[in-house]
Amino acid sequence: MITLEVDGKNHATTSDIVLLIDRSGSMSGSKITAAENAAKSFVNQLMPDPTKTNVRIAVVSFAGGVSVDSGFKTAADKQDLIDAIDFTANGGTFIQAGLRQASALLSSSVADSKNIVLLGDGEATYSYGIDNPNDYLEFWRNSGFMNMRTDYRTTSDVSMSDFNYSSTVGAGTSTHTEYESGTWYRNYYRHGASSVAEAGFIKDSGHTIYTIALDTDTEGTSTLNNVASPGKSYTGSAGDLTSIYNSISAEIVYAAEDAVITDPLGAMFSIPGIDATNYNDHIHVSRGTVSWDNVTETITWNLGNITEVVATMWYIVELAPEASPDVDYPTNQSTYVDYTNINDEDATMYFPIPEVKITEGPPPSTGILTIEKEVWIDG
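Since this is a predicted model, take the numbers as computed values, not measurements.

Conventions and cut-offs
- The written sequence of each chain sets the order in which its residues are numbered from 1.
- At least 70 in pLDDT is required for a residue's local features to be given in this predicted model, at least 80 for side-chain atom pairs to be given and counted, and no such filter applies to totals for whole chains, interfaces and linings, which use all residues.
- Only heavy atoms go into the side-chain values, all of them from the structure, while hydrogens and water stay out.
- A simple rule labels every residue: compare its accessible area, found with a 1.4 Å probe on the protein chains alone, to the largest value its type can have, and call it buried under 20%, exposed over 50%, or partly exposed in between.
- Put simply, DSSP marks the helices as runs of H or I at least four residues long and the strands as runs of E at least two long, and each gets a number from the N terminus on.
- Note on pairing: two strands pair once DSSP finds at least 2 bridges between them.
- When a carboxyl oxygen of Asp or Glu lies within 4 Å of a side-chain nitrogen of Lys or Arg, that pair is called a salt bridge.
- Residues with no salt bridge and a relative accessible area higher than 30% make up the patches, which join like charges within 9 Å and nonpolar side chains (Val, Leu, Ile, Met, Phe, Trp, Tyr) within 5 Å.
- The accessible surface values rely on the Shrake-Rupley method and a 1.4 Å probe; as for residues, cover is taken only from the protein chains in view.
- Under this rule, positive means Lys or Arg and negative means Asp or Glu; His and the chain ends count for nothing.
- One atom stands in for each charge, and that atom is NZ of Lys, CZ of Arg, CG of Asp or CD of Glu.
- Each axis is a line fitted through C-alpha atoms, and for a helix only the stretch in contact is used; angles between axes span 0 to 180 degrees, taken between their N-to-C directions.
- Nonpolar cores are built from buried Ala, Val, Leu, Ile, Met, Phe, Trp, Tyr and Cys residues. Side-chain atoms within 4.5 Å join them into one set.
- Contacts were defined at the residue level, with two residues in contact if any of their heavy atoms lie within 4.5 Å.
- We define a polar contact as two N or O atoms separated by no more than 3.5 Å, with the added condition that, inside protein, one atom must be a possible hydrogen donor and the other a possible acceptor, whereas residues neighbouring each other in sequence contribute only through side-chain atom pairs.
- Between the rings of Phe, Tyr and Trp (Trp by its six-membered ring), a pair exists once the centres lie within 6.5 Å; its type follows the angle of the planes, with under 30 degrees stacked, over 60 edge-to-face, and the other angles tilted.

Draft legend 1. Layout of the pairing of strand S1 (residues 2-8). Burial within S1 is extensive, with six of its seven residues counted as buried. The sheet contact formed by S1 and strand S25 (residues 371-377) spans seven bridges and is parallel. If you follow Thr3 over to S25, its bridge partner there is Glu372.

Draft legend 2. Examining the pattern of salt bridges more closely. One pass over the full model with this rule turns up ten salt bridges. The shortest N-O distance in the salt bridge between Arg149 and Asp151 comes to 3.5 Å. Side by side, Arg149 and Asp151 carry an identical accessibility label, which is buried. Connected via shared salt-bridge partners are Glu138, Arg153, Arg190 and Glu219.

Draft legend 3. Region of the structure containing a negative patch on the surface. Judged by side-chain charge, Asp258, Asp338, Asp344, Glu345 and Asp346 come together as a negatively charged surface patch. Checked against the element boundaries, Asp346 lands in strand S23 (residues 346-350).

Draft legend 4. Up close: the sheet that holds strand S4 (residues 66-73). Strands sit in the order S4-S3-S2-S5-S12-S13 across an open sheet of six strands; the sheet is mixed. A single partner strand is all that each edge strand has here, and the edge strands are S4 and strand S13 (233-236). Taking the axes of each pair of neighbouring strands and ignoring which way they run, one obtains an average angle of 15° across the sheet. Sheet topology places strand S2 (residues 15-22) next to strand S3 (residues 55-62); eight bridges connect them, and they run parallel.

Draft legend 5. Main features of the pairing of S4. When S3 meets S4, the two strands line up antiparallel, connected through five bridges. What sits directly across from Val60, in S4, is Val68. Between S3 and S4, which pair antiparallel and follow one another directly, the connecting turn spans three residues.

Draft legend 6. Inspection of the nonpolar core at higher detail. In terms of nonpolar packing, the biggest core is built from 34 residues, with Leu19, Phe42, Ile57, Val117, Tyr245 and Ile248 touching the most fellow members. For this core, the secondary structure elements donating two or more residues are S2, helix H1 (30-46), S3, helix H2 (78-84), strand S5 (113-120), strand S12 (208-214) and helix H6 (241-252). At eight residues, the largest contribution of residues to this core is made by H1. Here Ile248 is in contact with Phe42, Val117, Tyr210, Ile212 and Tyr234, once residues within four sequence places are set aside. Formed by 32 residues, the second largest nonpolar core is a distinct cluster that contains Leu265, Ile271, Ile274 and Ile283.

Draft legend 7. View of the environment of Tyr315. When you line up the elements, Tyr315 lands in strand S19 (residues 311-315). For Tyr315, a relative accessible area of 0% puts it in the buried group. Placed 43 residues apart in sequence, Tyr315 and Pro272 show a C-alpha to C-alpha distance of 9.9 Å. Those residues in contact with Tyr315 that lie beyond four places of it in its chain are Met1, Ile2, Leu4, Asp263, Leu265, Ile271, His282, Ile283, Ile299 and Asn332. At 2.6 Å, the side chain of Tyr315 and the side chain of Asp263 are in polar contact.

Draft legend 8. Main features of the packing of aromatic side chains. Overall, the coordinates contain nine aromatic pairs when judged by the stated rule. Taken together, a centroid distance of 5.0 Å and an interplanar angle of 45° make the contact between Phe42 and Tyr245 tilted. With Phe42 in helix H1 and Tyr245 in helix H6, the pair connects residues that are 203 residues apart, well separated along the chain. Ring geometry for Phe94 and Tyr126: centres 5.9 Å apart, planes at 40°, overall tilted. Of this pair, Phe94 sits in the loop between H2 and helix H3 (95-106) while Tyr126 is found in the loop between S5 and strand S6 (127-130), placing the two residues 32 residues apart along the sequence. The class for Phe94 is buried, based on a relative accessible area of 4%. Tyr126 sits in the buried class, given a relative accessible area of 17%. Among the aromatic side chains, those forming a connected cluster through ring pairs are Phe94, Tyr126, Tyr128, Phe163, Tyr165 and Phe201.

No statement about biological role is implied by the geometric values presented.
Laid out in structure tokens, this is it:
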């Protein structure tokens, strides 16, 4: 088995992160348990060294209301953060209020990078009132007898000055709340749209929002995708949360960017059973994506950012039956990682190339020889 490992020393920049977690009733059971466990893992990954102060994390949770479960802490107080990630799921979902509270915490931040990481199912059931909601309506649907009634709903184009932050609308049970009706029409608040509007104010201030949509429906996914900064939305189930948080942590704190590993197999080695349709079953990565060139027998691993958390790729190879005894055969050809360093310069580092030979004597009891190759990047 061949194992490649890539790790680095993160930039000496500062990052403030608000973990924003949905604890509404729709997150009950296995959802909230998985959310807590993954969030704790996220804290541990971003804070491996208790002496470092470049990363601060706060915890905010929301249901029908919002609570600051922990203000900003550094790695020295990591256990306080982990202890704060302990929720009971019940009530409605006030995403807009959660975002507003997270933004308030970041308003006094002087960190180089300011981030909100929102985990939830995206089904907003509360929002703040709008002073002139009819100024922000779009067609929603036809309803009623013979579809003769027209329903309208509020959009995400609401200006900050038109939100009434002292007024809450919604009953906590629906993504839309009616506020006006006539013979042939009804007007509704769309709570998810107000959440998207609030996120827009935050992004305009230079903060980055990551979202994780957990086992949600079309409305919830749409809300969280639009709340997120471009390219920062994730969707998954409970079992995906740890890997998603790993990807987010690698985007926030990293040693190098745009890492691509090129790994061609040695001439006398092959991956048994692999082809252009099933390579993901044979090549395994802890983060990033892989592709396989069936002609050149080359793996390309698109890792993205390199961090202090080790990224791993592994696969099983076999030596050609015509291999001669007592001859050293390289398991791979020149294997290297291309990346962008902290000075925004293109750089390359090479992995060591192990060699294997057939010797007399019994094979290993497992029938698998593990070979590890590692590079370490300091920016």
